[in-house]
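Structural overview
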Amino acid sequence: MRLCGLGLDLQSSPRPFDFQAMAGETWLLVGAVGSGRRELIRTIAGLAVPRTGHVELFGQVVERMWPRARARLRSRIGVVLEHAGLVPAWSVFENLALLVRHHRLVPDKKVEAHVTAFVESCQLPLAILARQASDLSPLESSWICLLRALIIKPRLLLVGASLPRETLVAGYGVWTFFQEVVAPMQMTILVDAGPYALPISQETRLLVMDQGTVLAEGRTEDLAGHADAQVRRFACFGHV
């Protein structure tokens, strides 16, 4: 994924910036409220149009693609936004199966087995598949939304909602989930959830934003001595 001369469509007319993220990399978007993190996620996801520059995904400039080709490209992107978007009257299974069928991941007769195996691999209780979406707790809804984005095995995962602090299984945390389930998928991940989305270590990749532009990017240990005090404030590791 590459962002070239990207200027977000904000009232502040932010300074354009470039950014590149490779497969297998996880980047945490950090910055104060109104820094442009959410708008950046929306722009990459195709829900907002940049004021300047362009977004390049999988080697293709999105803005130059025909609508049908753009739709196929979007099928390789998993998106988690603040609003769950689950169909309340459907079961959890039906909400997950919808994407499997839509993207034709497996033949119809194998959809049930595919969804069941995926949920099981994510260490979540299979009993949740029979639950109606409207009856889920906020924590359960958050996890189903994340699973819905992951079940299509995307090459790019955009998380624009706060990640849950815990999973639905005692003793199995969100960081363990990312290490054991998400990381092996070798996708590019951008998480817009502030500095407390995932544990921050010396190796964590941070994209520090302010007023709609990028102040700094890189590993936490490299940004800890940055000249800008605002960057140093976010480049503090050791949080769990």
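Keep in mind that this is a model prediction, so the values were computed, not measured.

Next up on the list: the nonpolar core. Residues Leu 96, Val 115, Leu 147 and Phe 177 are the most contacted members of the largest nonpolar core, which totals 49 residues. Of all the elements, helix 5 (residues 138-150) adds the most residues to this core, at seven residues. Other than its neighbours up to four places away in sequence, Leu 147 contacts Leu 96, Phe 118, Val 119, Cys 122, Leu 124 and Phe 177.

Turning next to unusual backbone geometry. If you check the backbone angles, Phe 58 has positive phi at about 55° while not being a glycine. For Phe 58, the location among the structural elements is in the loop between strand 4 (52-57) and strand 5 (60-61).

Below, the discussion takes up the pairing of strand 7 (residues 156-159). Burial of strand 7 is two-sided: the residues Leu 156 and Leu 158 facing one way and the residues Leu 157 and Val 159 facing the other way are all buried. Across four bridges, strand 6 (residues 77-80) lies against strand 7 in parallel orientation. What sits directly across from Val 79, in strand 7, is Leu 158. The pairing of strand 7 with strand 8 (residues 188-192) spans four bridges and is parallel. Residue Leu 158 lies in a different strand from strand 8, and its bridge partner there is Leu 190.

Attention now moves to the packing of aromatic side chains. The tally for this structure, following the rule as stated, stands at three aromatic pairs. Their ring planes at 85° and their centres at 4.9 Å tell us that Phe 19 and Trp 27 sit as a pair that is edge-to-face. Each of the two residues, Phe 19 as well as Trp 27, counts as buried. Note on Trp 143 and Phe 177: the rings are 4.8 Å apart at their centroids and 85° apart in plane angle, and the pair reads as edge-to-face.

Counted under the stated rule, the structure contains seven salt bridges. In this structure, Arg 37 and Asp 192 form a salt bridge, with 2.5 Å as the shortest nitrogen-oxygen distance. With Arg 37 in helix 1 (residues 37-44) and Asp 192 in strand 8, the pair connects residues that are 155 residues apart, well separated along the chain. Asp 192 gets classed as buried once you look at its relative accessible area, which sits at 6%. Among the salt bridges present, the one from Glu 39 reaches Arg 42, with a minimum N-O distance of 4.0 Å. In this pair, Glu 39 and Arg 42 are both assigned in helix 1, three residues apart and thus about one turn of the helix distant. When its relative accessible area of 31% is taken as the criterion, Arg 42 is described as partly exposed.

Thresholds, definitions, all that
- Position numbers for residues count from 1 along each chain, tracking the sequence in the order it is written.
- For this predicted model, a pLDDT threshold of at least 70 governs which residues receive local features, and a threshold of 80 or more governs which side-chain atom pairs are given and counted, while totals over whole chains, interfaces and linings are taken from all residues.
- For side-chain calculations, the full set of non-hydrogen atoms in the structure is used, while hydrogens and water are omitted.
- We define a nonpolar core as any set of buried Ala, Val, Leu, Ile, Met, Phe, Trp, Tyr and Cys residues linked to one another through side-chain atoms lying within 4.5 Å.
- Here the term buried applies to any residue with accessible area under 20% of the maximum for its type, exposed to any over 50%, and partly exposed to those in between, with areas from a 1.4 Å probe on protein chains only.
- Helix and strand assignments come from DSSP, with helices taken as H or I runs of at least 4 residues and strands as E runs of at least 2, each series counted from the N terminus.
- A contact between two residues is defined here by any heavy atoms of the two lying within 4.5 Å.
- Two strands qualify as a pair provided DSSP detects at least 2 bridges between them.
- Think of it this way: a Phe, Tyr or Trp ring, Trp meaning its six-membered ring, pairs with another when their centres are within 6.5 Å, and the plane angle makes it stacked under 30 degrees, edge-to-face over 60, tilted otherwise.
- What counts as a salt bridge is simple: a side-chain nitrogen of Lys or Arg found within 4 Å of a carboxyl oxygen of Asp or Glu.

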